[in-house]
Amino acid sequence: MPGRLKRDVAVVGVGMTRFGELWDMSFDELFIEAGLEALEDAGLSGDEIEAIYVGNMSAGRFIDQEHVASLIADRSGMTPVPCTRVEAACASGGLAFRHAVLAVASGLFDVVIAGGVEKMTDVTTEEATSILATASDQEWEAFHGVTFPALYAMMARRHMHEYGTDREELALPPVKNHRNATKNPKAQFRFEITVEQVIESPPIADPLRLLDCSPVSDGAAAVVVCPLDMAKELTDTPVVVKASAQASDAIALHDRETLTGLPATVEASRKAYKAAGIGPEDVDVAEVHDCFSIAEIMAVEDLGFVEKGEAGEAYREGMFEIDGEVAVNPSGGLKAKGHPVGASGVAQVVEIVEQLRGEAGKRQVDGAEIGLTHNVGGSGGTVVVHVFERAD
Amino acid sequence: MSVPRFWRSIENRYRLVGTVCKNCGEKFFPPRVVCPNCRRSGEMEEYEFSGRGEVYSYSVVRVPPEGFEDKAPYVVGIVKLEEGPLVTGMIVDCEPSEVEIGMPVEATFRRVSEEGEDGVIYYSLEFRPVRR
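Residues numbered from 1 in each chain as written. Chains lettered and ligands numbered in written order. Predicted model: local features only at pLDDT ≥ 70, side-chain atom pairs only at ≥ 80, totals over all residues. Heavy atoms only, no water.

*Asks:* Describe helix H4 (residues 92-106) of chain A, and please don't skip the residues or the numbers.
*Replies:* Given 3.6 residues per turn, any residue in an α-helix points the same way as the ones three and four places further on. All names here are of chain A. Helix length check: H4 (15 residues) gives 21 Å between terminal C-alpha atoms against 21 Å at 1.5 Å per residue, within 8%. Most of H4 sits inside the fold, with twelve of its 15 residues counted as buried. Within H4, burial applies to Ser92, Gly93, Gly94, Leu95, Ala96, Phe97, Arg98, Ala100, Val101, Ala103, Val104 and Ala105. (Helix = DSSP H or I, 4+ residues; strand = E, 2+ residues; numbered from the N terminus. Expected span 1.5 Å × (residues − 1). Buried < 20%, exposed > 50% of the residue type's maximum accessible area, 1.4 Å probe, protein only.)

As C-alpha cells, this is what we get:
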C-alpha cells in the first residue's frame, strides 16, 4: 500500500545531551555525546553502523561551518560510513530520522544512526533572531522586518479572533511544559512558571511574550534504527515505527489557506494515521512542535486530538497533562526542554521511545503503548509526523 | 540582501506588480512563475495591484532582527488585498494600539532598512491606514 514502509523498522537505541547554554561544548562534541549514548543504549560497538543522517538547520550561520556531514563522520571516528545532512529548518531532525527509517525500510542498510544537532549560543540574540528568520520567506516576509515570533504571533492573533482563544489559554501549554520539564533531568528549564508570569513576561511580538517562546539552545540527540527482526535480537524493548509521513506547504504565511492551523500538519497526520491503522484517539503520548505557545494549541487541533478552536478549553480541563487523555510533551517540549532546532525532531523520538519502553522515570505516562512525534519546519512549510508502538 | 537580488524585485516592491494566471484567473502577490492550480497548463502575466486592502492579522515586533534595531517597536501585518491575495508588510503611520483586524489600509512608499552606515538602503511599498 502506498504510504506504508516496505519492511518494519524499529528504534533500538536512544541518546541525547542535556539541552541548554552549553558554553563548554562544541558542535561536534554535542553530536558525539548523543551518538555514543545511543550506541551504548543499543548495545552496539559502532562497527555495525552503515549510514548516518544528521538533522541540522544552520551550522553555516550559527558556527560558520557547512559540510557538517563530513565533519561529523570524521570527528566521531565513523569515516568512511556515508553521512548525510538533512535540512528543513526546525524539522531537520524529524526529517533526518525519516530518511534513516526510509533507508532501512528500503533494504539498502540495516543499522543506521539518525541524529540532530544545533549549536546556537555562539552568536548574539540579534544574530540568532536573524538566522531563525531564514526559515521564513527571506524576500517577502523577513525583508519587511517580520521575525519568526511575529509570524506565530499573527497566527495567534487570528486564532484569538476566529475562535475566541484568550491570552490566559495561550499561556497554558508553556505552564504545563515547564511543569513536565521539572521531571526531565536533561531539560533546559527545570522550574515551574505560572499563567501570570507568562502574561507579564517581556513582550516579544504581540500578543506573544518571552514565556510563550521556546529558547535558544545547544544540544544533540541520536537514535539507532534497524529492521524489526534484528531489533528483537538486540533488545527486549524494541519500539517499532508504525508510520512515517511528511507534507509541504507554502514557505510564507500569506500563501497558506489558513492562519489558524498548519495544513501540512493535518495532511501529514492524516497520512500517518492511515498508514498506522489508527486514529488520533488511539495516541497515548505525543511530542508536538511547541516552538511557541500558539504552536502547541494549533498542533493538538490539527493532529485531531480536539476539534479546531477547542484546544483552550481542553487545556483548562487538563486533557494534555501526563495523566490526561493524551499526554502532550511530557518531556517539557521545545519550550522547557529546550529547542536546539536541528536536534529537536530527534529528541522527540528519544522521549517517545523512553515512554513506550516505560523508562521515562517521574514523567512516565502510565500504560503508554502508542506514541506520536510532530516536527514542524519554519512556520509550517514542512511537517514530519511519526507514529510508534511498543513491539512486544 | 545583495544589490542584484533587490534590483530584480524592484518592480514588485515599488509598484506592487504580481502575476495573474490567464488560465484560472487567480492573482498572485508576490509574483509566481508557476500557477499552483494549473501547473503546466497555466500561463502567467504581470498584474499590478491597487495597494488597497484590509488588515488580516498583525503583530508588534519588540525584539527586532539585524537592520531593524532603530525601528522597534514597529507593526507588521498580513494584508488582504482587495484583489484577493494576502501579502506581508509593515503597517506604518499609526500607533500600534490603533491597528485591528479589518482596518482598511493602502500601500505607501517607505524606506525599510539599511545595511549599516555605508550599505544598501532598501525601499518598498508598505501599508498605512486609510484616513477619511
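*Asks:* Can you explain the sheet that holds strand S3 (residues 83-86) of chain A? Please cite residues and give values.
*Replies:* Residue and element names in this part refer to chain A. Here we have ten strands laid out as an open sheet, ordered S3-S2-S4-S7-S1-S8-S12-S11-S9-S10, and mixed in their pairing. Looking at the sheet topology across the chains shown, the edges are occupied by S3 and strand S10 (327-328). Pairing of strand S9 (residues 285-287) with S10 involves two bridges; the strand directions are parallel. By the bridge assignment for S10, Val285 is matched with Ala327. (Pairing = 2+ DSSP bridges.)

*Asks:* Any chance you could break down the environment of A:Leu372 for me, citing the residues and the numbers?
*Replies:* Residues and elements named next belong to chain A. Looking at the secondary structure, you find Leu372 in strand S11 (residues 370-377). Exposure remark for Leu372: the relative accessible area of 0% places this residue in the buried category. For the pair Leu372 and Lys242, spaced 130 residues apart in the sequence, the C-alpha separation amounts to 9.6 Å. Among residues more than four places away in sequence, those in contact with Leu372 are Tyr273, Val283, Val285, Ala286, Glu287, Leu303, Ile352, Val385, His386 and Val387. (Contact = heavy atoms within 4.5 Å.)

*Asks:* I'd like a rundown of unusual backbone geometry, residues and numbers included.
*Replies:* Put simply, A:Asp206 and A:Pro207 share a cis peptide bond, and its omega is 5 degrees. Mapped onto the secondary structure, A:Pro207 falls in the loop between strand S5 (203-205) and strand S6 (208-209). For the bond from B:Ala72 to B:Pro73, the omega torsion is -5 degrees, close enough to zero to count as cis. Turning to its location among the elements, B:Pro73 is positioned in the loop between strand S4 (52-61) and strand S5 (74-81). A positive phi angle, close to 60 degrees, is found at B:Leu16, a residue other than glycine. Position of B:Leu16 relative to the elements: it lies in the loop between helix H2 (10-15) and strand S1 (17-21). On the accessibility criterion, B:Leu16 (4% relative accessible area) is buried. Of note in the backbone geometry, B:Arg39 takes a positive phi value of approximately 45 degrees without being a glycine. Within the secondary structure layout, B:Arg39 lies in the loop between strand S2 (27-28) and strand S3 (44-48). On the basis of relative accessible area, B:Arg39 is assigned to the exposed category, the value being 63%.

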